[in-house]
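# Examination of the molecular architecture
Each chain, written out:
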Amino acid sequence: MTNHFTMAVRSTFLLLAMCSLLPADVKQLGKPVDFARDILPILSNKCFVCHGPDGKAKEQLRLDSFAAATLEIDGHRAINPADPAKSGILVRIHSKDEPMPPADAEKQLTASERELLTRWVKQGGTYAKHWAFVPPRKVSAPDKGNQSEIDAWTAARLREKELDFAPAADLATLARRASLVLTGLPPEPDQLAAFLADKRPDAYARFVDRLLASPRFGEHQARYWLDAVRYGDTHGLHLDNRRGIYPYRDWVVMALNSNLPLNEFITWQLAGDLLPNPTLAQRVATGFVRMNPSTAEGGAIPAEFQAKNNFDRVETLGTVLLGMSLTCARCHTHKYDPIPQTEYYRLMAFFNSTAENAMDGNAYIYGPVVKAPPNQAAWVDWQALETARDTVLKQASAKILKLDLPSVDDDKWKRASQQERLLILKADQGSFASLALQKPASDILEKLANLEKTFTTTLVAQELPSARKTHLLKRGEYNLPVGDPLEPGILNVMTAFPAAAPRNRLGLARWLTSREHPLVSRVLINRVWQRVFGDGLVRTPEDFGLQGQQPTHPQLLDWLAVELQDSGWDLKHMLRLMVNSRTFRQQSTWRIDVDDPENRLLARGPSHRLDAEVVRDIALWASRLLDPHMGGEGVKPYQPSGMWLALAHPGSNTKKYVADKGQKTYRRSLYVYWKRTSPHPMMTLFDAPSRESSCVRRSRTNTALQSLGLFNEAQRLEMARALGERLLQDARTDAQRLDMLFGLLVCRKPSDVERKACLGLLEAMRDRYKSSPKDAVALLSIGDSPRNEKLDAVEHAAWSQLSIAVLASDIAILLF
């Protein structure tokens with residue numbers, strides 16, 4: 001496109017002929033145009049690449065603000081508020097000789113877009129902020145009545161299309177759906193039976209509360225966060241060696257199970273080390289800051305990787321908490337969103353003061369580190385001791401202040417850490433012994449020391465005594481600093497930095513979780529909606545900017561964002577609202593009366609393929625192989641031999657994959673060892689990300705290779721064998737076993753069609769293995785878990801084959 005606006009108007013004739021160029025139906029002003037909803041997406045998509053925020057030359061026409069668009073350049077204005085019909089933008093979008101966008105541009109305006117732009121200019125060409133940069137406000141839905149706000153806003157959208165909700169799903173289907181959404185596992189048979197037998201009006205709400213209280217809740221919900229923060233058990237670059245950070249993963253599970261308010265969940269991870277007297281959990285949480293891929297590759301330049309590490313942190317923060325792609329602003333002012341390059345580097349300055357070296361030394365311990373509990377059980381013990389310690393120290397402080405004990409230096413006590421205070425109590429032979437505090441302090445110190453002996457190391461964040469200097473880098477090149485050092489700062493299009501907040505990571509966390517921040521609560525609640533309904537209200541959760549999609553239900557999104565804040569950032573409260581809604585409880589069956597294949601209207605319940613981890617965990621659970629142990633270092637189930645060796649550097653300490661033995665093989669998929677350059681193949685096959693970068697929305701593909709894996713992967717065969725064994729042991733007849741199989745996986749009995757198909761397959765497998773008993777024994781020998789040799793091998797193999805078929809079918813791998 002031309003850089004000079006004067007090129008926009010070639011002759012007076014074009015201006016005089018303007019009205020004749022416009023379609024007759026747009027000469028009238030018509031319905032008022034909403035700039036943020038209707039116009040800004042067009043400008044961003046079709047115009048800003050040349051005429052957006054990144055315009056540098058003074059003579060460059062810019063359309064990203066009212067001031068720029070109405071600026072007179074060589075006697076002409078793109079938008080002329082005094083005489084809208086003479087606005088240059090109208091000349092060019094309707095010109096056949098010199099159109100804008102140019103004829104060779106990749107993206108062209110549609111007829112309806114020209115019509116909208118014309119109406120907008122003729123109505124005055126006013127501008128407004130992009131919706132995502134305006135703080136959300138709660139507005140109650142019209143005709144709400146006794147409905148929840150979720151249902152009222154959904155109903156209002158349906159009424160626009162003269163539609164109503166779908167019928168409610170049956171209770172068994174609803175129980176399975178809610179259980180999978182909240183815990184990632186089907187309901188236990190006794191739990192399901194109790195729910196179906198409960199005739200109280202709040203039976204479903206009680207069922208939901210039990211799911212939210214399950215320890216499996218935190219394990220399942222943690223997956224989404226670990227994808228977003230790119231959690232991995234390896235460094236991620238070059239050698240991709242082991243790194244010690246799994247206590248962070250366990251902390252995430254623990255925080256979600258305890259329903260830590262999400263504003264604190266964010267603050268601890270960004271700046272737990274900067275809180276007053278930080279707890280061990282708060283320090284472990286700062287592993288979030290250390291999650292970036294790192295390297296010690298020969299020839300790598302430390303200054304370059306200092307920049308790259310911080311680029312990764314800034315851009316991950318943008319994706320995870322702001323729902324913004326910030327990568328463009330690394331090299332230049334953002335072409336679409338109002339993010340100047342300078343502000344990108346001010347944001348980066350918050351992370352440029354952490355104490356770790358730029359190069360990781362290819363080491364497991366890559367300081368700074370702390371020692372932390374090695375699993376969830378150890379965390380529980382540690383927290384109990386912390387509570388006892390805090391109680392003793394609180395009592396001691398109160399008595400010191402009240403009694404003015406001569407043997408205690410008040411100033412020394414105030415300056416001392418918690419550990420130092422316990423030592424003071426233990427050492428004192430007078431005052432505290434008489435106050436019955438010395439022995440408790442000694443006992444706690446001894447118990448803390450014995451736990452700590454089992455602790456492991458984990459990477460944490462820590463500030464340098466003085467911050468590194470941060471400069472804007474020309475084109476994002478580490479060796480091309482420009483101008484004076486920059487102070488830490490924020491993206492000004494959002495909200496002001498809190499006046500009393502420090503200019504460090506803790507202040508950054510305060511800004512992100514401030515009431516007036518327009519994005520964070522929206523971005524978080526959109527992803528919560530996405531995990532419940534399958535898709536977010538904003539279908540581009542990684543991009544709330546001008547290139548992202550508009551929300552399908554904008555008022556509902558804003559209501560939920562403010563409700564999250566009003567509830568004290570209570571995740572379980574928000575999930576409870578969603579899964580109790582009529583919107584969630586609808587049948588998911590395709591509606592022939594609704595032309596909405598992507599379910600943007602929410603005219604039916606959620607239905608989609610389950611994630612890789614859930615597909616595996618369901619089979620482990622149904623087969624009774626699932627190991628309930630929570631936490632600990634990543635486990636290594638079966639994997640084709642040689643995969644890591646083929647992909648790894650010869651010097652890597654993760655080049656040889658050694659599968660675990662015993663119960664660890666059957667631990668939940670959350671705990672599967674995550675090598676970033678080569679995740680477990682069944683995870684990758686079902687669209688799990690590599691976690692080399694942030695992922696807030698997984699793909700859902702449907703491939704023949706997935707079917708091949710479901711039927712032939714070693715652990716799938718072993719799980720089917722164990723499930724077949726369960727059916728043979730716990731039920732007596734074929735009919736009872738088939739009912740049990742469907743009850744476990746689908747929470748209902750098979751239909752007549754399903755029953756006929758399954759029994760036909762079962763008979764075919766019996767015939768097949770009767771003719772070749774050795775094949776039956778070979779099938780039953782797959783996997784490390786022992787088989788019950790008292791069972792007839794032919795019968796066991798036949799039920800194993802039927803089990804693997806059902807486990808691989810839609811009814812087992814779909815949410816519906």
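Above this text is the structure in question.
Residues numbered from 1 in each chain as written. Predicted model: local features only at pLDDT ≥ 70, side-chain atom pairs only at ≥ 80, totals over all residues. Heavy atoms only, no water.

## Things to note about the environment of Ala-68
Inspection of the secondary structure puts Ala-68 in helix H5 (residues 66-69). On the basis of relative accessible area, Ala-68 is assigned to the buried category, the value being 17%. Spatially, the C-alpha atom of Ala-68 lies 10.0 Å from that of Pro-53, the residues being 15 residues apart in sequence. (Helix = DSSP H or I, 4+ residues; strand = E, 2+ residues; numbered from the N terminus. Buried < 20%, exposed > 50% of the residue type's maximum accessible area, 1.4 Å probe, protein only.)

## Quick word on the packing of aromatic side chains
The final tally for this structure, using the stated rule, is 20 aromatic pairs. Centroid distance Trp-131 to Phe-544: 5.7 Å. Interplanar angle 45°. Geometry classified as tilted. Residue Trp-131 is found in the loop between helix H7 (111-122) and helix H8 (149-160), and its partner Phe-544 is found in the loop between helix H25 (520-533) and helix H26 (554-566); the two are separated by 413 residues along the sequence. Between Phe-195 and Tyr-204 the ring centres are 6.2 Å apart and the planes differ by 55°, which places this aromatic pair in the tilted class. The exposure class of Phe-195 is buried, given its relative accessible area of 2%. On the accessibility criterion, Tyr-204 (5% relative accessible area) is buried. Three or more aromatic residues link up through ring pairs in this structure, and these residues are Trp-225, Tyr-248, Trp-251, Phe-265 and Trp-268. The ring of Tyr-366 has Arg-290 sitting right over it, with the charged end atom 4.7 Å from the ring centre. The residue whose ring lies beneath Arg-503 is Phe-497, and the NZ or CZ to ring-centre distance is 4.1 Å. (Phe/Tyr/Trp six-rings, centres within 6.5 Å; stacked < 30°, edge-to-face > 60°. Lys NZ or Arg CZ within 6 Å of the ring centre and 35° of its normal.)

## A short note on H26
Here H26 spans 18 Å end to end across 13 residues, near enough to the 18 Å set by a 1.5 Å rise per residue. Within H26, 10 of the 13 residues are buried, leaving the element largely enclosed by the surrounding structure. For H26, every residue scored as buried is listed here: Leu-556, Leu-557, Asp-558, Trp-559, Leu-560, Ala-561, Val-562, Glu-563, Leu-564 and Gln-565. Tucked inside the fold, the buried residues of H26 contact H8, helix H14 (262-271), H25 and helix H27 (571-579). Just beyond H26, the residue with positive phi is Gly-568, at close to 80°. (Expected span 1.5 Å × (residues − 1). Contact = heavy atoms within 4.5 Å.)

## Notes on the state of the cysteines
Evaluated as defined, the whole model comprises zero disulfides. Note on Cys-328: no disulfide assigned, nearest cysteine sulfur contributed by Cys-331 at a separation of 8.5 Å. We classify Cys-328 as partly exposed; its relative accessible area is 29%. In this structure Cys-747 is a free cysteine whose sulfur lies 16 Å from that of Cys-758, the closest cysteine sulfur available. The buried category is assigned to Cys-747, whose relative accessible area is 5%. (Disulfide = S-S within 2.5 Å.)

## Re the nonpolar core
A general tendency of soluble globular proteins is for nonpolar side chains to be buried together. Judged by nonpolar contacts, the single largest core of 222 residues is most densely connected at Trp-225, Tyr-248, Trp-251, Leu-270, Leu-508 and Leu-560. Considering each element in turn, this core owes the most residues, nine residues, to helix H37 (residues 793-807). Discounting residues that sit within four places of it in the chain, Leu-560 has contacts with Ile-150, Ile-525, Trp-529, Leu-537, Met-574 and Met-578. Counting residues in each nonpolar core, the second largest holds seven residues, with Ala-155, Leu-163, Phe-165 and Leu-601 among its members. (Core = buried A, V, L, I, M, F, W, Y, C linked by side-chain atoms within 4.5 Å.)

## Some details on unusual backbone geometry
Along the chain, Met-100 connects to Pro-101 via a cis peptide bond; the corresponding omega equals -5°. Tracing the sequence through the fold places Pro-101 in the loop between helix H6 (88-94) and H7. Of note, the bond from Gly-367 into Pro-368 is cis; its omega dihedral lies within 30 degrees of zero at 5°. For Pro-368, the position within the fold is in the loop between helix H18 (341-349) and strand S1 (369-372). We note that Asp-74 has phi near 55°; this positive angle belongs to a residue other than glycine. Note that Asp-74 resides in the loop between H5 and H6. Of note in the backbone geometry, Arg-475 takes a positive phi value of approximately 55° without being a glycine. Relative to the helices and strands, Arg-475 resides in the loop between strand S3 (472-473) and strand S4 (481-482).

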